[in-house]
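Close look at the chain arrangement
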Amino acid sequence: MIFWQTVLGLAIGFGQTVSGPACCRKGNDMQLTKELSDNYTTILKEELVAAMGCTEPIAIAYAAAKAYKELGEMPEHIRITCSGNIIKNVKGVTVPNSGGQKGIETAAVLGVVGGNAEKMLEVIAEADDEAREKTRELVKAGICDVALAENVPNLYIKAEMWTNDHKASVTIEEHHTDITEIEKDGQTVYFAEKTIGPKDDSEGPKGDRTKMTLRGIIEYADTVNLSEVEEVLERQVSCNTAISQEGLDNPWGARVGKTMLENWSDDVKCVACARAAAGSDARMSGCPMPVIINSGSGNQGITVTMPVVTYAERWHLSKEKMYRCLLVSNLVSIYIKHYIGSLSAFCGAVSAACGAGAGITYMSGGSYEQIGGTITNTLGNVGGIVCDGAKPSCAAKIASSVHAALLAHYMSTSQKEFLGGEGFVESDVEKTIKNMGYIGKVGMKETDKEILNVMIDKVDVDSCL
C-alpha cells in the first residue's frame with residue numbers, strides 16, 4: 001500500500017498519467033444490512049437530481065410556477081417572501097435562461113410566464129425569447145415585490161399572487177422542492193408535515209440521514225449492486241462534465257477554471273481543481289445547462305463529481321470503479337452537510353470537497369482511517385470559509401476547497417493527520433464532522449445574519465470599525 005502511494009505521489013506530482021490501485025482496500029469490518037443499504041440508495045436518488053443554474057433562484061421560479069398553476073390565470077401582482085439566505089444566494093447570480101437578468105423578481109416572473117412546474121428544478125428550461133422579454137416588461141412594471149421573512153428556516157420561500165377575484169400561494173421550506181403548504185382563496189389545498197429528507201409531489205420512502213456513518217458509506221460503496229444507482233451516477237457524470245467543459249471552453253464568469261489551466265499545468269491536481277471551478281464559472285453566470293446537484297446545490301454537485309472523474313480518467317479506472325468512488329464522494333458530502341443544514345454561513349464547497357477527497361482516497365485503496373483522515377485534514381484546514389451568497393467567486397472557493405482536499409488526501413495516505421484536541425478536531429472523525437456541523441449550524445448563525453446585513457447595506461461598517 002505504501003509503495004503504491006509513493007509511486008502515485010511521485011508520478012502525479014510530475015503530471016504523468018498513472019493507473020492507480022483503485023478500490024484495492026482493506027476490509028471495512030462491517031456488514032451493512034439491506035435496510036441501511038436501501039436507505040443510502042434512497043438518499044442518493046433524492047439528492048442527485050437535475051437543476052438549472054443556482055438552485056435558489058430556481059426554487060423561487062418553481063414556487064411561483066406552482067402558485068400560478070394553482071391560481072389558474074395571469075396574476076396582477078406577485079409577492080415573494082423569503083429568508084435572508086435565499087436573498088443572499090439570489091442577489092449576485094444570473095437567473096438561467098433569462099437572457100442575463102438577475103434577481104428574485106426575475107426568477108419569480110420567469111417562473112410564471114415561462115415555467116413548467118412539473119419539471120421542478122428545471123422549471124424554466126423551456127423558457128423562450130417571448131417569455132424572457134415578457135419577464136423584462138413585467139419586472140420593470142413592478143408586478144413583483146420582495147419581503148424578508150423573519151424567524152423562519154434558513155431555506156424559506158413563499159410565493160403569493162393575486163387577481164381581482166382570486167389569490168394563491170405556495171410555501172417551500174428546508175429543501176428546494178419541499179412544498180409544505182399550498183393555499184387557494186384562503187383555503188388550505190395542501191399541507192405537509194416536515195420529513196427527514198427532501199419532498200416532492202410523489203409518494204414513496206424518504207432517506208433517513210440520521211442513519212448515515214462513514215463506515216456505512218464505505219461498506220455501501222464496496223457492496224451495493226451498481227445497477228441500483230448506475231443511472232443516476234451516469235447522469236451526474238454526463239451533465240456535470242458537460243457544464244465543466246462549457247466553463248473551460250467559453251468566457252463564463254470570472255474564468256477561474258480557465259485561468260488555472262492557462263497559468264499552471266496539466267498536473268492532475270490542477271486539472272481536478274480547474275474542472276470543478278469551471279462548472280461553477282458557467283453555472284453562476286447563467287449557463288442554462290443542467291447540473292446534477294448534491295445537498296441541494298449545483299456547485300456542490302459539480303465539486304463532488306469533477307475531481308473524482310479527473311483522477312479516474314488519469315488512473316484509467318473502469319466505469320464501475322469510478323462509480324463506487326463517486327458513491328463515497330456524494331454520500332460523504334451529504335453526510336457532512338446534513339449536520340450543517342441546507343443554507344448556512346458555512347461554505348458548502350468545503351463539505352463537497354471533503355466528499356471528493358474521500359472519494360479519491362477510497363480510489364487509491366485507502367483504509368477507513370485514511371478516508372477519515374482526508375476528511376479531518378480538509379475540515380481542519382478550510383472549515384472556516386464563509387458563504388456570502390451565490391456568485392462568480394464561488395468558483396474560486398471551490399478551487400481552494402478541492403486543493404485543500406487533495407492536500408488532505410496526500411497527507412492521510414502518507415500517515416499524516418491533524419490530531420484530536422487540535423482546535424475542533426477530534427480523534428474520531430465522526431465527532432469532528434459533528435463538531436463542524438455544530439459550528440456551521442449554530443456557531444455561525446450570527447455570522448450569517450451579519451453577512452446578510454452587509455450585503456443589503458443594513459449596517460454602517462465604517463462606524464463599527
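What counts and how
Residues numbered from 1 in each chain as written. Predicted model: local features only at pLDDT ≥ 70, side-chain atom pairs only at ≥ 80, totals over all residues. Heavy atoms only, no water. Helix = DSSP H or I, 4+ residues; strand = E, 2+ residues; numbered from the N terminus. Buried < 20%, exposed > 50% of the residue type's maximum accessible area, 1.4 Å probe, protein only. Contact = heavy atoms within 4.5 Å. Areas by Shrake-Rupley, 256 points an atom, 1.4 Å probe, with all protein chains shown as cover. Pairing = 2+ DSSP bridges. 1 Å grid on protein atoms, 1.4 Å probe; cavity = no way out; pocket = protein on both sides within 12 Å on 5 of 7 lines; lining within 4 Å. Points joined across faces, edges and corners; volume = space filled by probe spheres on them. Nonpolar A, V, L, I, M, F, W, Y, C, P; charged D, E, K, R; others polar. Polar contact = N/O pair within 3.5 Å; in protein donor to acceptor, adjacent residues only side chain to side chain. Salt bridge = Lys/Arg side-chain N within 4 Å of Asp/Glu carboxyl O. Axes fitted to C-alpha atoms, helices over the stretch in contact; angles between N-to-C directions. Parallel < 35°, antiparallel > 145°, perpendicular 65-115°, else oblique. Left-handed = near helix turned anticlockwise from the far one by under 90°. Disulfide = S-S within 2.5 Å. Expected span 1.5 Å × (residues − 1).

Along the protein chain, the regular secondary structure elements total 18 helices and eight strands. By the burial criterion, 58% of the 465 residues in the protein chain qualify as buried. A sequence separation of at least 24 residues applies to 76% of the contacts in the protein chain between residues at least 6 apart. Total accessible area computed for the protein chain in this model is approximately 18,500 Å², and 51% of it derives from carbon and sulfur atoms.

Turning to the pairing of strand β6 (residues 179–184), a few remarks are in order. Side-chain positions along a regular strand alternate between the two faces of the sheet. Bridge count between strand β5 (residues 167–173) and β6: five bridges; the pairing is antiparallel. Note on β6: the bridge partner recorded for V170 is I182. Linking β5 back to β6 in an antiparallel pair, the connection comprises five residues, with E174 at a positive phi of about 75°. Pairing geometry for β6 and strand β7 (residues 187–191), over four bridges, is antiparallel.

Following the criterion strictly, the structure yields one cavity of 30 Å³ or more and no others. In this structure, the largest cavity spans a volume of roughly 320 Å³. Around the largest cavity, the lining is made up of 29 residues, and of these N89, S297, Q300, G348 and C387 lie nearest the centre. For the lining of the largest cavity, the secondary-structure elements that each account for two or more residues are α3 (55–71), α4 (84–90), α11 (298–314), α13 (348–363) and α15 (394–412). Within the lining of the largest cavity, the residues separate by chemical class into nine nonpolar, 13 polar and seven charged.

Right, let's get into the environment of F424. Structurally, F424 can be placed in the loop between α15 and α16 (429–443). What makes F424 partly exposed here is its relative accessible area of 24%. Each C-alpha atom of the pair F424 and N435 lies 6.4 Å from the other, and the pair is eleven residues apart in sequence. In contact with F424, not counting residues within four places along its chain, are L379, G380, T432, N435, M436 and I439.

Position of T305 among the secondary structure elements: in helix α11. Side-chain polar atoms of T305 contact the side chain of N240, separated by 3.1 Å. Within polar-contact distance, the side chain of T305 engages the backbone oxygen of G301 at 2.6 Å.

As a further point, take the pattern of salt bridges. Taken as a whole, this structure holds 19 salt bridges when the rule is applied. Put simply, R136 and E133 hold a salt bridge, and the shortest N to O gap is 3.6 Å. One end of the pair, R136, and the other, E133, are both in helix α6 (residues 129–141), three residues apart, so they sit about a helical turn from each other. Among the salt bridges present, the one from E446 reaches K449, with a minimum N-O distance of 3.4 Å.

This part takes up the packing of helix α5 (residues 104–114) against α6. Packing of α5 against α6 brings their axes to within 9 Å, and their N-to-C directions diverge by 130°. The angle between α5 and α6 falls in the class oblique. For the pair α5 and α6, the crossing hand works out as right-handed. Contacts between α5 and α6 involve E105, T106, V109, L110, V113 and G114 from the former and A131, R132, K134, T135, L138 and V139 from the latter.

This brings us to the state of the cysteines. Counted by the stated rule, this structure contains zero disulfides. For C273, which is in no disulfide, the shortest distance to another cysteine sulfur is to C270 and amounts to 6.9 Å.

Turning our attention to helix α14 (residues 368–382). The first and last C-alpha atoms of α14 sit 22 Å apart over 15 residues, in line with the 21 Å expected at 1.5 Å per residue. Of all the positions in α14, only Y368, Q370, I371, G372, G373, T374, I375, T376, N377, T378, L379 and V382 are classed as buried.

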